[in-house]
Amino acid sequence: MRRVVIAAFVLDVTILMVSAVFAAGFSTLLQPLLPADVAGTVRPLVVAPLIGVIWLGSLLIRGAYRRRILGAGHDEFQLVVTSTFVAAGALGATAFLADIQVSRAFVVLMFVFGLAALPVGRYALRKVVHGLRRRGALLTRVVAVCEPRALDELVTQLARTPHLGYQVVGTCVPGLSQEADVSLAVPLFGGVDSIVEACELTGAHTVLVGGGGASTSRALRQIGWELEGRNVDLVVVPSLIDVAGPRLHMRHLAGLPLVHIEEPGVRRAGGLAKRAFDIVVASLMLVLLSPLMLAIALAVKVSDGGPVFFRQERTGRNGTTFRMTKFRSMVVDADAKLAELSDFNDVDDVLFKMRNDPRVTRIGRPIRKWSLDELPQLFDVLRGDMSLVGPRPPLPREVELYPPEMHRRMLVRPGLTGLWQISGRSDLPFDEAVRMDLYYVDNWSIVGDVIIMLKTARAVVMSRGAY
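The numbering scheme is per chain: residues are counted from 1 as the chain's sequence reads. Since the coordinates come from a predicted model, pLDDT governs what is reported: local features require at least 70, and pairs of side-chain atoms require 80 or more to be given and counted, while whole-chain, interface and lining totals use all residues. Working from all heavy atoms in the structure, the side-chain values ignore hydrogens and water.

The next point concerns the side chain of Ser 329. Note on placement: Ser 329 falls in the loop between β8 (321-327) and α11 (364-369). When its relative accessible area of 6% is taken as the criterion, Ser 329 is described as buried. Contacts of Ser 329, omitting those with residues within four sequence positions, involve Arg 359, Val 360, Thr 361, Gly 364, Ile 367, Arg 368 and Asp 373. Each helix is a run of H or I in the DSSP string that is no shorter than four residues. Each strand is a run of E no shorter than two, and both are numbered from the N terminus. Three exposure classes are used, based on accessible area relative to the maximum for each residue type with a 1.4 Å probe and protein chains only: buried under 20%, partly exposed in between, and exposed over 50%. Whether two residues touch is decided by their heavy atoms; if any such pair falls within 4.5 Å, the residues are in contact.

Here it is as structure tokens:
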């Protein structure tokens, strides 16, 4: 991980140097048009090192190079942006106190270029790090301290997110010895008193305390004391899996750290703001995509003379049914042939997906690959039967097989796209798709919808899980 920190620092230095060169070039071109007080008297590239030192110092002080921040979440980008504004304020104060008549045009341009390029550079570095972690490099070795059931949940959750780079290499279960006859996903090193030994034997740099790992605050404090000075991070995992960060708020009261959890966002996910967003964006998409949709409709009609659209009954919000519209990508009697192909299901017992489905027409294959057959659902969005983003619209026969908790996903309108779409589509197991749908329902936000739509474009271009 130290190499990642060094890479981040070198990348930031490079970006600031390039930003300074670009800013100097543009400010030179603009100089004849600017007043003297704006153009300044100090040459831009003379003051650029001062700006770089202040900027990098702000990033360093605010923690933008901490191991736990790099490649972990949106906190990294937030720190980069806020550190930039802090650096701008510090530079202004320094220039005022030292009476430096620097070119304002140069300073503004350098901060504009840097503010745009730094997050992009961090994003590119993050993708490289995530790719290396998926291939087994740059992993953080972890010793889990928890009960066996909590261990299974923790290992499963970390397996879903290999890009985070956490590898559970051992566990210490309170009350058990190393010789205990239990079946665990990772090696058992004994009880809580074996944590230091487990870290030394496995080379772990992180201890995760999960459910049942520390019954009292005194026990947790004791673990922290034992790890003191050993360069091992202590992380407490609350039982809050699948709760989005914005819903969590930490408060300290009389020495007690209290985690406040906001109520699920299911009401907002079916509210007026989301509906207005759907109408505006769907209308714009229909206007922009209408030539493409007309071309697809003509191609479907010409291919075999059958109907252009395929309409199928789906279950919508609150269990009501509606007729979902798609461009027809299969032969006309596709539903009648489904029973003949049931033994060739490539997914599971609830959904039917077949990689080389013989019912798909010649024009159907490319439009399914690029998800163009879904475009008529924009009309379903305008009618209010669907949303741009939401859970996958299920068939009524699928709903009949749902356990009670899965019905929660139908408290909002089904979506043209969703977390399932950007996470593998047909390659995603049914249980995992439902888990993502429930996560979306409980943690909805407009910003989240925008991010999902942007990631959908990438998933469609890469045609992952489409067949």
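The element β8 is extensively covered by neighbouring structure, given that five of its seven residues are classed as buried. Pairing between strands requires that DSSP locate at least two bridges from one strand to the other. Of the pairings in the sheet, the one linking strand β7 (residues 309-315) to β8 comprises seven bridges and is antiparallel in character. Pairing of Gln 312 across the sheet is with Met 324, part of β8. Between β7 and the antiparallel strand that follows it, β8, lie five residues; Asn 318 among them carries a positive phi value of about 60°.

An order of β2-β1-β3-β4 is seen for the four strands of this open sheet, with the pairing classed as parallel. Of all strands in the sheet, those with a lone pairing partner are β2 (166-172) and β4 (233-236), marking the two edges. Sheet twist, expressed as the mean angle between neighbouring strand axes with direction ignored, is 30°. Relative to strand β3 (residues 206-209), strand β1 (residues 140-145) is paired through four bridges, and the arrangement is parallel. By the bridge assignment, Val 145 is partnered in β3 with Val 209. Here helix α7 (residues 195-202) sits on the sheet in contact with β1, β2 and β3, set at roughly 155° to β1. Its contacts with the sheet place helix α8 (residues 217-227) against β3 and β4, and it is angled at close to 160° to β4. Note on definitions: angles span 0 to 180 degrees between N-to-C directions of axes, and those axes are lines fitted to C-alpha atoms, for helices only across the stretch in contact.

It is worth spelling out the packing of aromatic side chains at this point. Stacked, tilted and edge-to-face pairs are distinguished by plane angle, under 30 degrees for stacked and over 60 for edge-to-face with tilted covering the rest, among Phe, Tyr and Trp rings (Trp via its six-membered ring) whose centres lie within 6.5 Å. Summed over the entire model, instances satisfying the criterion amount to five aromatic pairs. Between the aromatic rings of Trp 55 and Phe 111, the centroid separation amounts to 4.5 Å while the plane-to-plane angle is 25°, which identifies the pairing as stacked. Taken together, the positions of Trp 55 in helix α3 (residues 44-61) and Phe 111 in helix α5 (residues 104-134) put the pair 56 residues apart, joining distant regions of the chain. A relative accessible area of 10% means that Phe 111 is categorised as buried. An aromatic cluster of three or more residues is present, and its members are Phe 22, Phe 26 and Phe 113.

Taken together, the side chains of Val 18, Phe 22, Phe 26 and Leu 29 define a hydrophobic patch exposed on the protein surface, amounting to about 410 Å² of accessible area. Take Phe 26: it is sitting in helix α1 (residues 2-30). With relative accessibility at 42%, the residue Phe 26 sits in the partly exposed group. Like charges within 9 Å and nonpolar side chains (Val, Leu, Ile, Met, Phe, Trp, Tyr) within 5 Å are joined into patches, using only residues over 30% in relative accessible area that form no salt bridge. Here, Shrake-Rupley sampling with a 1.4 Å probe gives the accessible areas, and only protein chains in the shown set may cover a residue. By convention in these notes, a salt bridge is any Lys or Arg side-chain nitrogen within 4 Å of a carboxyl oxygen on Asp or Glu.

Further remarks concern α7. Looking only at α7, the buried set comprises Ile 195, Val 196, Ala 198, Cys 199 and Thr 202. Seen along its axis, α7 keeps its buried residues to an arc of 160°; they face one direction. Facing away from the buried side of α7, by more than 90 degrees, are the exposed residues Glu 200 and Leu 201. In this structure, the buried residues of α7 make contact with β1, β2, β3 and α8. A positive phi of about 70° marks Gly 203, the residue just after α7. Comment: arc refers to directions from the helix axis out to C-beta atoms.

Taken as a whole, this structure holds 14 salt bridges when the rule is applied. Here Arg 328 makes a salt bridge to Asp 304, at a shortest N to O gap of 2.6 Å. Within this pair, whereas Arg 328 is found in the loop between β8 and α11, its partner Asp 304 is found in helix α10 (residues 272-304), the two being separated by 24 residues in sequence. What emerges from the salt-bridge pattern is a single network uniting Asp 12, Glu 76, Arg 122 and Arg 126.

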